[in-house]
Structure formats: C-alpha cells, structure tokens
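In case you want the letters, here they are:
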Amino acid sequence: MSAVLSVRNLETFYGAIMALRGVSIDVEEGEIVTILGANGAGKTTLMKTIAGLMDPEKGQITFMGENIAGLEPDRVVRKGISLVPEGREVFPYLTIEENLRLGAFTRRGDASGDLDLVYQYFPILKERRKQAAGFLSGGQQQMLAIGRGLMSDPKLLMLDEPSLGLSPLLTQEIFGIIARLNADEGVTMLLVEQNAHIALETAHRGYVLEMGRIVMTGPCDQLAASDDIQEFYLGRTDETERGQKRWKRRKTWR
Ligand SMILES: Nc1ncnc2c1ncn2[C@@H]1O[C@H](COP(=O)(O)OP(=O)(O)OP(=O)(O)O)[C@@H](O)[C@H]1O
C-alpha cells in the first residue's frame, strides 16, 4: 500500500480562530479512513482545506506525491479528489441525471461509464433519472450527492457526514453502499462522521480530532475497543461518577 494522501502539520484559521492546530493524517490506497470528533472539532475545516475551499496558513497536503496545498478547488478535483459536502447540496431544479453529469465537469471524454457505475450502485437514481432532484427524499439526495462525487472518477472520495439527518435504516443502507464501493471498486475514502458506531464499523483506520488536534489514531477495531472512545464517542453509560472520571481521563488522553 502507498499513501495517496499525506497531510502534515496543517494549520487553518477563520480570521483569528485557529480551527486546525497542526493536523497530520495519511490515507493509503484502498482504505476507508474516518475522522471522528465532536461538533466544532475541525472535521469539516480539514476536508475543506484538503479540497482547496480554504487556504491553510501552514503545512503540507501531498496527494499522489504532489503538493496541492492552496490549489484552487477545481484544480484539486482535476487532481482526483472529490468532496461530497455536508448537507447533500443538490441542484433541486435540475434532473437527477443533470446533477450527476455536473459531477463529471472535469472529465474530458465520455462520462457514460461512470454514470452506469453510479446507476449500478444506486438503482433508484436510474429509475428517477428524468425527475427533478428536489423531489427526492433526504436519503435519495444523499445518494445523488455521493453519485455526483463519483462522476469525476476520483482517486480519493471525501464524505462529510453522510448520515446527517437520515433514519438509522437509511444510514445502514448508505453505509452498506459505501463499503461495497470500497471493497468492489477500490474507491479510497476519507470519511467524516458523527455516528461513531457506523464509522468505526465501516472504515479501516481512524483519527480522533479534538479542538483542531489529532489526539488518537489506530485501526478501527482498536479504537472501538478503547475506553476513551467507548465513553466519549460510543456512548457507554455504565460509569459511576461519570463527570469526574471524564475529567481525569481527559488529563491522560494524549
Ligand atoms: N465560518 C466560520 N467562521 C468562524 N469560525 C468558524 C467557521 N466555521 C467553523 N468555524 C469554527 O472552526 C472550528 C471548527 O469547525 P468545523 O466546522 O470544522 O468543525 P466540525 O468538526 O466539522 O463540526 P460539525 O460537526 O459541527 O460540522 C469551530 O470552532 C467552529 O466554530
């Protein structure tokens, strides 16, 4: 395996607010890597910085051996990184197929092979391809957003909170498709997800981001077995004097 993406000491600011405080992560070819973290930890900022939507103040982003830090977003897409943003933004007045074709704007040749692949994984999109995207349910819009992300034939697909606002059943369905895209098509993914249960089940490795810093990393089975992860992210509630334990453990977290 080789590192497709290598982020080193990344610092990103919103004005005076330092959202990323020296973040380093790697994504190897064929992996699903997840970033866990509470609200405001900096997960979206990390993805936006990698995608070129925000400029880092410091640090390197190496993708397929090339430094891409600070490149314009369309250049980043052309290099092979596709971001499926939080909130599944689709163009409601365009048809499903038009939405999908927009995802292929960076492709030179014919994108029909990619369209077939998307329809193979999301048959409901094929069935409804002539309808306006605004009529799709929330789960179907998320499928469309992922499908559009695949249309540029990315070497790295970044997914920001795919389960947001979806029922547990739909979340299971979408994560099942994410896992199959990885296992069968070899799509490498960076996954930000608040639902730590499903993220740790689906991904191979993970990082825990807290207040702009990586505080923990490892294979997902190890992370899932850790007391800290169980308590903070998997909602284990069998602790007595929880508040105090939490505070003590925090002191030894790093
Ligand atoms: N537009 C903005 N202007 C100022 N500060 C911002 C802005 N967006 C995010 N921040 C701050 O940057 C930090 C990281 O935010 P970010 O959205 O990356 O976190 P997150 O981990 O993705 O959280 P969430 O799960 O809520 O999306 C937070 O402290 C947040 O308040």
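Numbering of residues begins from 1 in every chain and follows the order in which that chain's sequence is written. Under the rules for a predicted model, residues below a pLDDT of 70 receive no local features and side-chain atom pairs below 80 are neither given nor counted, while totals for whole chains, interfaces and linings still include all residues.

Student: Outline helix α7 (residues 168–185), listing residues and values.
Tutor: A turn of α-helix holds 3.6 residues, and therefore any two residues three or four places apart point the same way. The first and last C-alpha atoms of α7 sit 25 Å apart over 18 residues, in line with the 26 Å expected at 1.5 Å per residue. Only runs of H or I of at least four residues qualify as helices and only runs of E of at least two qualify as strands under DSSP, and these elements are numbered from the N terminus. Gly-186, located one to two residues past α7, shows a positive phi value of around 70°. Working rule for helices: expected span equals 1.5 Å times residues minus one.

Student: Go over the site of the ligand with me, naming the residues and quoting the values.
Tutor: Residues in contact with the ligand, as listed here, are Tyr-14, Ile-17, Ala-19, Gly-37, Asn-39, Gly-40, Ala-41, Gly-42, Lys-43, Thr-44, Thr-45 and Gln-194. Looking at the shell around the ligand, the elements that each hand over two or more residues are β2 (17–28) and α1 (43–50). Ranked by the residues each element gives to the shell around the ligand, the list is headed by α1, at three residues. Basically, the charged four are Asp, Glu, Lys and Arg, the nonpolar ten are Ala, Val, Leu, Ile, Met, Phe, Trp, Tyr, Cys and Pro, and anything else, Gly included, counts as polar. Residues that form the shell around the ligand fall into these classes: four nonpolar, seven polar and one charged. To decide nearness, the C-beta atom of each residue is placed from the backbone, and the residue is near a molecule or strand if that atom lies within 6 Å of it.

Student: Break down the confidence of the model for the protein for me, with residues and values.
Tutor: What pLDDT conveys is the predictor's confidence in a given residue, as a value from 0 to 100. On average, the protein scores 89 in pLDDT, and the residues at 70 or more come to 90%. What the predictor reports for the complex is a pTM of 0.89 with an ipTM of 0.94.

Student: Give me the lowdown on the nonpolar core, citing residues and values where you can.
Tutor: Put simply, a nonpolar core is buried Ala, Val, Leu, Ile, Met, Phe, Trp, Tyr and Cys residues tied into one set by C-beta atoms within 7 Å. With C-beta atoms placed from the backbone, the exposure class of a residue follows from how many other C-beta atoms lie within 10 Å of its own: 20 or more, buried; 12 or fewer, exposed; in between, partly exposed. Ile-81, Met-158 and Leu-191 are the most contacted members of the largest nonpolar core, which has 67 residues in total. Structurally, this core is a two-domain feature, drawing no fewer than three residues from each of domain 1 (1–80 + 157–253) and domain 2 (84–153). This entry defines residue contacts through backbone-placed C-beta atoms, with two residues in contact when those atoms are within 7 Å. In contact with Ile-81, other than residues within four places in its own chain, are Ile-50, Ala-51, Phe-63, Val-76, Pro-154, Leu-156 and Met-158. Domains are outlined according to an automatic or database domain assignment.

Student: Outline the sheet that holds β2, listing residues and values.
Tutor: The four strands are arranged β2-β1-β4-β5 in an open sheet whose pairing can be described as antiparallel. Looking at which strands have only one partner, the edges of the open sheet turn out to be β2 and β5 (66–67). With two bridges joining them, strand β4 (residues 58–63) and β5 adopt antiparallel strand pairing. When the bridges of β5 are listed, Phe-63 appears paired with Glu-66. Strand pairing requires that DSSP identify at least two bridges connecting the strands.

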